[in-house]
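Observations on the model geometry
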Amino acid sequence: MNCDRAKTLLMGSHDPSRPANEVAAHLEQCAACRNWHEGLVRIERRITQISVPRSQAKRELVRTLLAGKGGEWEDPSADGVASSPTQDETASRFPTIPLHHALTLMAATVLLAVGGWLLLARSPTPQMATVVVRRAPPRPDPLLTQFSENHLRLTQARSLGERLEELGRFVDHLHDYTRDQTISAEPATLHNLARIYDRLVSEGMVRGARTLKPLEREKVLAPLAERLARVEEDAERWARAAAPNSAEPMRQIAAVARLGTRQLHALIREEGTP
Amino acid sequence: MTRRLFLTLFFVALAVSTHTAHSQTPIQDAEAARFHRNLALIEALVESSLKQLNTEEPLARAEACVEAARPFLLEVQAAVEQRDPARTAELGRHLQDMLERGVVANLRAARQQIPRGSAEEPRLRQVIKRAITVSETFSAALRDLPVSEDAAEIRPVLEEILHKQPALEKALRGTLAVAIQ
């Protein structure tokens, strides 16, 4: 299989994180496609987080309620008139309501809308749940899928250098996932992710690096140190932009990455000393 | 009148802020619940990877994979009990991959390295037997799962997993047969 064919199949696949056997075989051999594939999986995962425009429905409802008393108000756009009515024109067509009545009516409407929303948000009906189930099966957990794949690659790696490289991918994916969750996830989740990140770097990457043969260190550890330095910078940036509760785990990740970078550089320097 | 209006608006604002401060959207709630449900599995994969990092021994790697497979099996069994085909399929795929690419591959390599009658052979046999138990329990759980019409899309995935199981178990038993010789 060539690179173009592999990419075409991945683009057409329903879940690019689980490539078909023939594509997976190609990815094993081709580093460029493997990088491209990782990018594709990352994009696929983030698509679900694109924000949706806010609805104007509530404003429209209030307008309709205020305007619709007696059914006298008509939407000017219905007549094909492009411009909105002037204040004077609108005032002449609206039924006249005293200001305080209008405001009380608006407040009551908002109260009803909010009450209804709170009620619906807290008690989804069984029928609603059934509809969701029928629409589509839930998407697989991206972190579990990625970790499962990383774990298998690490299992199949033939040397410590390859395993450390795979661990580097583990760490990158975990950082990317944590960063994507910074805005929406609850602090407990972020703290757990930061704790796992710490384990992978300090108990995995750095400890493994110490047992690496001195002559291999520069080749294997320099790219890992570079990755960690990038993560530190990125995590710091996200910590500055995040809410206080979410910022702390990102700072922990940045601190772990900083320490890991230093330790890996120290090991590389050790190799250089006679 | 103005006072009544302000009071109404105050309570509306209070209700909205209380709700938004203490709750998330249903999607965020579902994401958080999923993360906590999968946390033990994620930790198992991390633990297994850390164990394998510094070992060149295929048997130790196979052992680490079997250890990691156990929590997946427990979660698959729980998903079957809860009649959740989507979760069964998702975790079942991970479990099967782990047994196939992690356990069988390393056991074959270990079998090449461990001579018959050596001190390591009983350990090899033990790991193989544990892997077979995990795989057979997994197959039995899959066969127990009723798939309702609501989850018709999942059925082919589950069937594919179940279809692959005999070959996987045959491969595992194959390593045992050679190890016993």
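Residues numbered from 1 in each chain as written. Chains lettered and ligands numbered in written order. Predicted model: local features only at pLDDT ≥ 70, side-chain atom pairs only at ≥ 80, totals over all residues. Heavy atoms only, no water.

A word on the overall build of chain A
A tally of regular secondary structure across chain A gives 12 helices and 0 strands. Start at the N end of chain A and walk to the C end: the helices and strands fall as α-α-α-α-α-α-α-α-α-α-α-α. Looking at chain A as a whole, 37% of its 274 residues are labelled buried. Long-range contacts, defined as pairs at least 24 residues apart, comprise 69% of the intrachain contacts of chain A with a sequence gap of at least 6. Put simply, chain A shows about 16300 Å² of open surface, and 57% of that area lies on carbon and sulfur atoms. (Helix = DSSP H or I, 4+ residues; strand = E, 2+ residues; numbered from the N terminus. Buried < 20%, exposed > 50% of the residue type's maximum accessible area, 1.4 Å probe, protein only. Contact = heavy atoms within 4.5 Å. Areas by Shrake-Rupley, 256 points an atom, 1.4 Å probe, with all protein chains shown as cover.)

Section: the overall build of chain B
Each helix and strand in chain B was counted, giving 6 helices and 0 strands. For chain B, the sequential pattern of α-helices and β-strands runs α-α-α-α-α-α. The proportion of buried residues among the 181 residues of chain B is 45%. Pairs at least 24 apart in sequence give 76% of the contacts found in chain B among residues at least 6 apart. Surface accessibility of chain B: about 9200 Å² in total, with carbon and sulfur atoms responsible for 56%.

Details of the packing of helix α9 (residues 160-181) of chain A against helix α11 (residues 214-241) of chain A
Residue and element names in this part refer to chain A. Where α9 meets α11, the axes come as close as 10 Å, and the angle between the chain directions of the two elements is 10°. When the axes of α9 and α11 are compared, the pair comes out roughly parallel. For the pair α9 and α11, contact is made by Gly-161, Leu-164, Glu-165, Gly-168, Arg-169, Val-171, Asp-172, His-175 and Arg-179 and by Val-220, Leu-221, Leu-224, Arg-227, Leu-228, Val-231, Asp-234, Ala-235 and Trp-238, respectively. When the residues that make up the contact of α9 with α11 are grouped by side-chain class, the tally is 9 nonpolar, 3 polar and 6 charged. (Axes fitted to C-alpha atoms, helices over the stretch in contact; angles between N-to-C directions. Parallel < 35°, antiparallel > 145°, perpendicular 65-115°, else oblique. Nonpolar A, V, L, I, M, F, W, Y, C, P; charged D, E, K, R; others polar.)

A word on the side chain of Gln165(B)
Residues and elements named next belong to chain B. Counting through the fold element by element, Gln-165 comes out in helix α6 (residues 155-180). The buried category is assigned to Gln-165, whose relative accessible area is 1%. Once you skip the residues sitting within four places of it in the chain, Gln-165 turns out to touch Gln-96, Ser-135, Phe-138 and Ser-139.

Here's the deal with the nonpolar core
Counting 89 residues, the largest nonpolar core has Phe147(A), Tyr197(A), Leu200(A), Leu221(A), Leu264(A), Leu95(B) and Leu107(B) as the members making the most contacts within it. Beyond its immediate chain neighbours, meaning those up to four positions away, Leu221(A) contacts Leu164(A), Ala209(A), Leu212(A), Leu264(A), Leu267(A) and Ile268(A). Within the second largest apolar cluster, 7 residues are counted, among which are Val23(A), Leu27(A), Cys30(A) and Leu40(A). (Core = buried A, V, L, I, M, F, W, Y, C linked by side-chain atoms within 4.5 Å.)

Considering the pattern of salt bridges
By the definition in use, this model includes 27 salt bridges over all chains. Across the pair Arg179(A) and Asp180(A) runs a salt bridge, and its minimum N-O distance is 4.0 Å. For the pair Arg179(A) and Asp180(A), a shared accessibility class is recorded, and that class is buried. The closest approach of N and O atoms between Glu67(B) and Arg130(B), which form a salt bridge, is 3.2 Å. Taken together, the residues Glu67(B) in helix α3 (residues 58-81) and Arg130(B) in helix α5 (residues 121-144) connect sequence positions 63 residues apart. It is possible to trace a salt-bridge network through shared partners that takes in Glu38(A), Glu149(A), Arg153(A), Glu165(A), Glu166(A), Arg169(A) and Arg101(B). (Salt bridge = Lys/Arg side-chain N within 4 Å of Asp/Glu carboxyl O.)

Quick look at helix α2 (residues 21-29) of chain A
All names here are of chain A. Residues of α2 that are buried: Val-23, His-26 and Leu-27. What you see down the axis of α2 is that its buried residues fit within an arc of 100°, all on one side. Opposite the buried face of α2, at more than 90 degrees from it, the exposed residues are Asn-21 and Gln-29. (Arc of directions from axis to C-beta.)

So, the confidence of the model for chain B
All names here are of chain B. Averaged over all residues, the pLDDT of chain B equals 87, while 82% of them reach at least 70. Of all secondary-structure elements in chain B, the lowest mean pLDDT belongs to helix α1 (residues 2-22), at 61, while α3 reaches the highest, 96. The ipTM, which scores confidence in the relative placement of chains, is 0.83 for this predicted complex, and the corresponding pTM is 0.66. (pLDDT = per-residue confidence, 0-100.)

What about the interface of chain A and chain B?
How large an interface is tends to be reported as the accessible area lost when its parts come together. Listed by partner, the interface residues are 58 residues for chain A and 49 residues for chain B. Here chain A and chain B share an interface that buries about 4600 Å² over both sides, 61% of which is from carbon and sulfur atoms. Three residues stand out in chain A for area buried against chain B, namely Arg18(A), Leu144(A) and His151(A), and they jointly supply 15% of the buried area on that side. In this structure, the connection of chain A to chain B is made through 4 salt bridges. For Glu56(B), the salt bridge goes to Arg163(A), with nearest N and O atoms at 2.7 Å. (Buried area = accessible area lost by both parts, 1.4 Å probe.)

Points about the side chain of Arg153(A)
Residues and elements named next belong to chain A. Mapping Arg-153 onto the fold places it in helix α8 (residues 142-156). By relative accessible area, which is 14% here, Arg-153 ends up buried. In this structure Arg-153 touches Glu-28, Arg-34, Glu-38, Glu-166 and Arg-169, once residues within four positions along its chain are discounted.

Brief notes about unusual backbone geometry
When glycine is set aside, most residues are seen to have a negative phi, and most peptide bonds are trans. Residue and element names in this part refer to chain B. Despite not being glycine, Arg-83 has its phi angle at roughly 55°, a positive value. Tracing the backbone shows Arg-83 in the loop between α3 and α4 (85-113). The exposed category is assigned to Arg-83, whose relative accessible area is 62%.

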